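Each chain, written out:
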Amino acid sequence: MLNTYFSLVFDPLAVFFVITILTISIPSFIYSLGYLKGHYSTRKIVLGQFLFGLFVLAMLAVVTAGNIFFFLIVWELMSLSSYFLVIFDTENKKSIEAGTIYMVMAQIGTAFLIAAFLLMYQQSGSFDFYVIKQALVSLPIQQKNILFLLLLVGFGAKAGIVPLHIWLPYAHPQAPSHVSALMSGVMIKTAIYGLIRFVILILGVNALWWGELVIVLACISCLVGILNALTEHDLKTLLAYSSVENIGIILLGVGAAMIFIKLGYPVLAVLAMGAGLYHLFNHAIFKGLLFLGAGSIYNATGSRNIEKLGGLINKIPWTSSYFLLGSMAISALPPLNGFVSEWLTLLVLFLGALTLGGGLKLFFCFSAAILALTGGLTAACFVKAFGITFLGQARSVKVEQAKECGLAMNMGMAILAFLVVILGLGVVFFIKIFGFVAGFVMGVDASLIRFSLNSFVISLPLANNIFLATPQLLLLLLLCAVFAFVLLNLFFGRAKVLLGKTWDCGYYKLTSRNEYTATGFSKPFRLAFSFFLLPYRKLNKVKESFYHVKNFYYETHTTKIFMDYIYRNLLGSTFRLAGSMRGIQTGSINIYLGYIFLTILLLLVFRGIF
Amino acid sequence: MEFFLILGLLASAFGLVSAKRLSVLIGNFSLQSLLLAILTFVEAVNLGQLGLCIIALLVLALKVVIIPKILSNITKEIKVNDNLEFYLNPQLSLLMALLLTYLCWTFASVIFVESDAVAKMCGAVSFSMIALGMFLMIFRVKALAQIIGLLAMENGVFLLAALVLNGMPFLVEMAIFFDVFVGVVILGVFVYRINRLFVGIDVSKLNRLRG
C-alpha cells in the first residue's frame with residue numbers, strides 16, 4: 001500500500017532537475033553559514049536551517065515523485081516551507097504581507113492542480129504516472145484541452161507566468177537572500193518541471209494552439225518582467241521581476257518544442273527543448289549568484305535600495321566581481337552561459353520561422369523579435385543595477401563603511417560564478433547532456449541526432465552555417481581588447497592617470513547627491529513604454545518667495561497594472577460579496593438556532609419528496 | 001397502555017411549547033421525563049431486559065428529580081422573573097407545533113413504511129419531540145428555555161433509540177446520561193455567568209460577538 005503512494009521516478013528529466021536543485025542548494029547553504037550569523041540569533045538560525053533543509057528536500061521530492069498523490073503532498077510541503085522562509089523576519093510587517101500574497105497565489109495554483117489531478121484520477125483510476133499516461137490516450141480532445149488549461153494555470157501560478165506573477169516581487173525580496181536564490185533560481189523551475197512532466201510527457205501535445213498559447217504567454221512574461229525590472233530600485237525586487245522575464249525565455253523554448261513536436265519536427269523539438277532546459281539551468285545559476293550578491297550588498301550596507309548605494313566596487317571588490325559576472329551572464333554577453341542559452345533559443349525561433357510556413361512563420365518572427373528586445377532591455381536593466389550600485393561615489397555613510405563579507409559567503413558565490421563561466425565555455429560538452437534530456441522528454445532518441453562537432457564548433461546538419469564557439473569568442477574578445485590597448489598605446493602613448501575633481505561649472509560643491517540616479521537612468525524607458533508603465537509623479541514645492549524655492553519634493557512611480565487593475569478589483573469584489581453575506585449574521589442565538597432548524601426541516605421535506 | 005403513554009409524551013411536548021412561566025416549563029419537562037421513564041420501564045418488562053430497567057430508573061432519578069431540581073434552584077438563586085419572554089406567543093406557538101407534528105408524522109410514515117402502527121406513531125412522536133425542543137430553543141428569550149429545549153430534544157432522541165431501535169448498548173446510554181448531566185451543570189454555570197455579566201438571562205443580549 002505504501003509503495004503505491006510513495007513511488008519515485010529517476011528518469012533523465014527527474015535526474016536533471018535533481019542536479020539543478022543540488023547545484024544551487026549547496027552553494028546557497030555554504031553562503032547561508034556566513035549570512036545568517038550576522039543577522040539572527042542562534043535559535044533562529046537553527047530554525048532557518050531546518051526550514052531550508054525541508055524546503056530543499058521537498059523540491060527534490062517534487063521532481064522525483066512517481067505518482068500524483070505523492071506529488072501533491074510534497075508540492076504543498078514545498079509551498080509551506082518556503083512560506084515560512086518568506087515570513088522569516090516575522091517582526092517585519094512587509095514580510096507578513098508578502099507571505100500572505102505568496103500563500104494565496106500558491107493555493108490558487110494548487111486548487112487548479114487538484115482539479116486537474118482529480119480529472120486524471122477519474123479517467124485512470126490510478127495515481128501512478130505511467131497508468132495515467134496510458135489511460136489519458138483515450139480521453140476526448142475537449143477534456144484534454146481543459147486538462148491542459150488547468151495544468152497551465154496551476155503551474156503558471158508557481159512559475160510566475162504573467163498575469164499570475166504578482167507574488168514574485170513581494171515574496172522573493174522578503175526571504176533571506178540564500179532562500180531567495182533558491183526560490184527564484186530553483187523553486188519556480190519546479191513548475192516548469194511540472195509543465196514538462198504533465199503536459200508533454202503524460203498528456204502529450206494534442207493541439208497546435210497549446211504551444212502557441214505557451215509562447216504568447218512567454219512573450220508577455222518576458223516584456224512585462226523586464227519592463228518592471230527596469231523601473232525598480234530595490235535590488236532584490238528587480239531580480240524577482242527579472243525572474244519573470246527569464247521564465248518567459250525558458251517557456252519560449254518549451255513552447256517552441258511543443259509546436260515542433262506537434263507538427264512533426266523531432267530534431268527541432270529536441271533542440272528547442274534543449275535550449276529551454278539549458279536556459280533553465282543557466283538562469284538557476286546566475287540568478288542564484290545575483291541574489292547571493294544582493295544579499296552580500298545588504299549584509300555590507302544594510303540597504304537594498306540602489307539609490308542609496310554607489311561606489312561599492314572599491315569597498316567590496318569580490319562581491320562586485322561576482323555580481324558583475326552574474327549581470328553579464330543575465331544580459332547574455334558572450335562568452336558566458338546566459339549568452340549560450342539565449343542564443344540557442346533565438347536560433348530555435350529563427351529555425352522555426354525558416355522551416356514552418358504560413359502564419360507560424362510570422363509568429364516565430366515576432367517571438368524572436370520580442371526575445372531580442374527583451375535581451376536589449378535586460379542589458380539596460382543590469383547596466384543600471386550594476387552601474388548605480390557599484391560605480392560612482394557612495395550615496396550614504398553606511399556605504400562608505402562597507403566591508404567585504406566573510407569566507408563562507410564568498411565561497412558560495414565563487415562556486416556559482418565558476419559555474420557561470422564553465423557553462424558558457426563548455427557549451428560543446430553540455431549541449432550533449434541537455435540534448436539527451438530533451439530527447440527523452442520529446443520521445444526521440446537524441447543519440448541519433450548529430451550535433452556535428454568539429455573542434456570547438458557545433459553545427460546542426462539541418463541548419464547549415466550556424467556556429468557557436470564560446471571559447472573562440474572569448475579569445476576574439478581578448479584579442480580585440482589587446483589590439484585596442486596596443487593601438488591606443490601606439491597613438492597616444494602610455495596612459496597617464498590624473499586625479500582631480502569633476503568640473504562643476506565653478507560651483508565646487510558637488511556631492512554624491514549630484515550623481516546620476518537609477519530613476520534618471522530608467523527615465524527614457526519610462527517614457528518609451530509609458531503606455532504600459534503609466535508613470536506618474538508627485539511634486540511639492542515650498543517657496544520662501546516667488547524667486548526662491550526653499551524645499552523641493554519630487555517622486556515618480558510607475559503603475560503596477562496587474563496589481564492595481566486586476567487583482568485589486570478582484571479583491572474588492574470578493575470583499576463586497578463577503579460583506580453582503582454579513583446581513584444574515586445577526587449575532588442572535590435564536591436566529592442561529594432557527595437557521596439550523598430550518599435546514600433540518602428543509603432536509604426532512606426534501607427526504608419526504610424524494 | 002403504551003399508546004396512551006406516547007400520546008402523553010406528545011401532550012407534554014405541547015405543554016412545553018405553550019408554557020408561560022419558567023416553573024411550569026420545568027414542571028412540564030419533569031412530567032415528560034416521568035412518562036418516558038414509565039414507558040421505558042414497561043418496555044423493559046415486556047422485553048425482559050435488565051439493562052433497560054436500570055436505564056429507566058436512571059431516567060427517573062436524573063431527569064425527573066435531579067435536573068429539574070438543579071434548574072429550579074438556579075431560577076430561585078438568581079431571582080429571575082418567572083415570566084418566560086416570547087418571540088412567538090403561546091397560542092401561535094401551539095399552532096406551529098401542530099404543523100410541525102404533522103410534518104414529522106408524514107416524515108415518519110415515509111421512513112417507517114413497513115413497521116406496525118405503534119412503532120410508526122412512536123417514531124412520529126419522537127421526531128415531534130425533537131422538533132418542538134428545537135422550536136422552544138428558537139422562540140424563547142430566556143437562557144433556561146434553551147436548556148430545557150435541549151433536554152427535550154434529548155428526550156426525543158432517547159425515545160427513538162429506546163423504543164424504535166430497541167435500545168442502544170448499555171454503555172452508550174450511560175455515557176449519554178453522563179453527558180446530559182454534565183451538560184446541565186455546565187449550562188447552569190453559564191446561566192450564572194450570563195446573569196452576572198448582562199444583568200438577566202435574556203439571550204437576546206448576547207449579540208456582541210458579531211464581527
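The structure displayed is predicted, hence computed values, not measured ones.

### A word on the overall build of chain A
Along chain A, the regular secondary structure elements total 24 helices and four strands. Compactness check: chain A gives a C-alpha radius of gyration of 27 Å against a globular reference of 25 Å for 610 residues, within 12% of the reference. Taken along its principal axes, the extent of the C-alpha atoms in chain A is 100 × 70 × 50 Å. Counting the 610 residues in chain A, one finds 53% classified as buried. Taking as baseline every contact in chain A between residues at least 6 positions apart, the subset at least 24 positions apart corresponds to 78%. Total accessible area computed for chain A in this model is approximately 28000 Å², and 70% of it derives from carbon and sulfur atoms.

### What about the domain arrangement of chain A?
When the domains of chain A are assigned, the result is domain 1 (1–204), domain 2 (215–522) and domain 3 (534–576). Distance from the C-alpha centre of domain 1 of chain A to the C-alpha centre of domain 3 of chain A: 36 Å.

### What about the interface of chain A and chain B?
Each partner contributes residues to the interface: chain A has 16 residues there, and chain B has 17 residues. Contact between chain A and chain B buries roughly 1500 Å² in total, counting both sides, with carbon and sulfur atoms accounting for 71%. Contact with chain B buries area across many residues of chain A, yet Asn590, Leu593 and Phe597 of chain A alone supply 37% of it, more than any other trio. Here chain A and chain B share zero salt bridges between them. For the pair chain A and chain B, the interface holds three residue pairs in polar contact (both at pLDDT 80 or more). When grouped by side-chain class, the residues that make up the side of chain A that touches chain B number seven nonpolar, seven polar and two charged.

### Examining the packing of aromatic side chains
What characterises a pair of aromatic rings is the spacing of the ring centres plus the angle enclosed by the ring planes. Residues and elements named next belong to chain A. Taken as a whole, this structure holds 37 aromatic pairs over all chains when the rule is applied. Residues Phe129 and Phe198 carry aromatic rings whose centres are separated by 5.3 Å and whose planes lie at 85 degrees to one another, so their mutual orientation is edge-to-face. Residue Phe129 is found in helix α6 (residues 129–136), and its partner Phe198 is found in helix α9 (residues 177–203); the two are separated by 69 residues along the sequence. By relative accessible area, Phe129 is classed as buried at 7%. We classify Phe198 as buried; its relative accessible area is 0%. Three or more aromatic residues joined by ring pairs form one cluster here, namely Phe16, Phe17, Tyr193, Tyr278, Phe281 and Phe434. It is Lys44 that lies over the ring of Phe88; its NZ or CZ is 4.9 Å from the centre. One residue, Lys158, lies across the ring of Trp75, its end atom 5.7 Å from the ring centre.

### Quick notes on the side chain of Thr345 of chain A
Structurally, the position occupied by Thr345 of chain A is in helix α15 (residues 337–355). Classification of Thr345 of chain A by relative accessible area gives buried; the value is 1%.

### Here we look at helix α18 (residues 407–425) of chain A
With 19 residues, α18 of chain A extends 27 Å between its outermost C-alpha atoms, agreeing within 8% with the 27 Å of an ideal straight helix rising 1.5 Å per residue. When we look at burial in α18 of chain A, the residues that qualify are Met409, Asn410, Gly412, Met413, Leu416, Ala417, Leu419, Val420, Leu423 and Gly424 of chain A.

### Considerations on the nonpolar core
Residues and elements named next belong to chain A. Of all hydrophobic cores here, the largest spans 186 residues; its most connected members are Leu151, Trp167, Met183, Phe198, Met273 and Phe364. The greatest single-element share of this core, amounting to 21 residues, is contributed by helix α12 (residues 266–301). Not counting the four nearest positions on each side in its chain, Met183 is found in contact with Phe55, Ser82, Val86, Tyr102, Trp167, Ala171, His172, Ala175 and Ile188.

### Digging into the UniProt feature "domain: NADH:quinone oxidoreductase/Mrp antiporter transmembrane" (unreviewed entry) in chain A
UniProt feature "domain: NADH:quinone oxidoreductase/Mrp antiporter transmembrane" (unreviewed entry): in the numbering of this structure it lies at residues 65–352 of chain A. As annotated, residues 65–352 of chain A has a helix share of 81% and a strand share of 0%, and its two end C-alpha atoms lie 34 Å apart.

### Focus on the pattern of salt bridges
All told, the structure shown has seven salt bridges over all chains when counted by the stated rule. Taking the shortest distance from any N to any O, the salt bridge between Glu515 of chain A and Arg395 of chain A comes out at 3.9 Å. One end of the pair, Glu515 of chain A, is in the loop between α20 (470–492) and α21 (518–528); the other, Arg395 of chain A, is in the loop between α16 (359–390) and α17 (397–400), with 120 residues separating them in the sequence. For the pair formed by Glu515 of chain A and Arg395 of chain A, the shared burial category is buried. Residue Lys63 of chain B is joined to Glu154 of chain B by a salt bridge in which the shortest nitrogen-to-oxygen separation is 2.2 Å. Here Lys63 of chain B, found in helix α3 (residues 50–77), pairs with Glu154 of chain B, found in helix α6 (residues 143–164); they are 91 residues apart in sequence, far enough to count as distant. Side by side, Lys63 of chain B and Glu154 of chain B carry an identical accessibility label, which is buried.

### A closer look at the packing of α6 of chain A against α9 of chain A
Residues and elements named next belong to chain A. Put simply, α6 and α9 touch, their axes get as near as 9 Å, and they point 55 degrees apart. One finds that α6 runs oblique with respect to α9. Contacts from Phe129, Ile132, Lys133 and Leu136 of α6 reach α9 at Arg197, Phe198, Leu201, Ile202 and Leu203. Looking at side-chain class alone, the contact of α6 with α9 contains seven nonpolar, no polar and two charged residues.

### Remarks on the environment of His548 of chain A
Take His548 of chain A: it is sitting in the loop between β3 (535–543) and β4 (549–558). Note on His548 of chain A: relative accessible area 43%, which makes it partly exposed.

### Re unusual backbone geometry
Residues and elements named next belong to chain A. In the segment running from Val162 into Pro163, the intervening peptide bond is cis, with an omega of 10 degrees. Examined against the element boundaries, Pro163 turns out to sit in the loop between α7 (141–159) and α8 (168–174). For Ala332, which is not glycine, the phi dihedral falls at a positive 60 degrees. Mapped onto the fold, Ala332 is located in the loop between α14 (317–330) and α15.

### Remarks on the pairing of β4 of chain A
All names here are of chain A. Note: β3 against β4, nine bridges, orientation antiparallel. Residue pairing across strands places Pro535 opposite Thr558, the latter belonging to β4. Connecting the antiparallel pair β3 and β4 is a turn made up of five residues.

Rules used throughout
Chains are numbered independently. Their residues run from 1 in the order of the written sequence. All chains are assigned letters beginning with A, and all ligands numbers beginning with 1, in the order in which they are written. A pLDDT threshold of at least 70 governs which residues receive local features in this predicted model, and a stricter bar of 80 or more applies before side-chain atom pairs are shown or counted, although totals over entire chains, interfaces and linings include all residues. Side-chain numbers come from the whole structure's heavy atoms, not from hydrogens or water. Labels follow the DSSP assignment, with helices taken as runs of H or I lasting at least four residues and strands as runs of E lasting at least two, numbered in each case from the N terminus. To get the radius of gyration, use the C-alpha atoms; to get the globule rule, take the number of residues to the power 0.38 and multiply by 2.2 Å. Think of it in three bands: residues with accessible area under 20% of the maximum for their type are buried, residues over 50% are exposed, and the middle band is partly exposed, with areas taken using a 1.4 Å probe on protein chains only. Contact between two residues is taken to exist if any of their heavy atoms lie within 4.5 Å; hydrogens are not considered. The method behind every accessible area is Shrake-Rupley, applied with a 1.4 Å probe, and residues are considered shielded solely by the protein chains displayed. Each domain's extent was defined by an automatic or database domain assignment. When two components associate, each loses some accessible surface as probed by a 1.4 Å sphere; the sum of these losses over both components is called the buried area. Salt bridge, as used here: a side-chain nitrogen of Lys or Arg that lies within 4 Å of a carboxyl oxygen of Asp or Glu. As used in this structure description, the phrase polar contact means that two N or O atoms lie within 3.5 Å; if the pair is within protein, one of them must be able to donate a hydrogen and the other to accept it, and residues adjacent in sequence are counted only when both atoms belong to side chains. Just so you know the grouping, Ala, Val, Leu, Ile, Met, Phe, Trp, Tyr, Cys and Pro go in nonpolar, Asp, Glu, Lys and Arg go in charged, and all remaining residues, Gly too, go in polar. For Phe, Tyr and Trp, where Trp contributes only its six-membered ring, two rings pair if their centres lie within 6.5 Å, and the inter-plane angle classes them as stacked under 30 degrees, edge-to-face over 60, or tilted in between. The rule for a charge over a ring is simple: NZ of Lys or CZ of Arg within 6 Å of the ring centre, and within 35 degrees of the ring normal. For a helix, the expected span equals 1.5 Å multiplied by the number of residues minus one. For this analysis, a nonpolar core means a set of buried residues of the types Ala, Val, Leu, Ile, Met, Phe, Trp, Tyr and Cys, connected via side-chain atoms within 4.5 Å. UniProt positions are given in the numbering used here, feature names are shortened, and annotations may be inferred rather than shown by experiment. Note on geometry: axes are C-alpha line fits, over the in-contact stretch for helices, and angles between N-to-C directions span 0 to 180 degrees. Here is the rule for angles: anything less than 35 degrees is roughly parallel, anything more than 145 is roughly antiparallel, 65 through 115 is roughly perpendicular, and the remaining ranges are oblique. Two strands make a pair as long as DSSP finds a minimum of two bridges between them.

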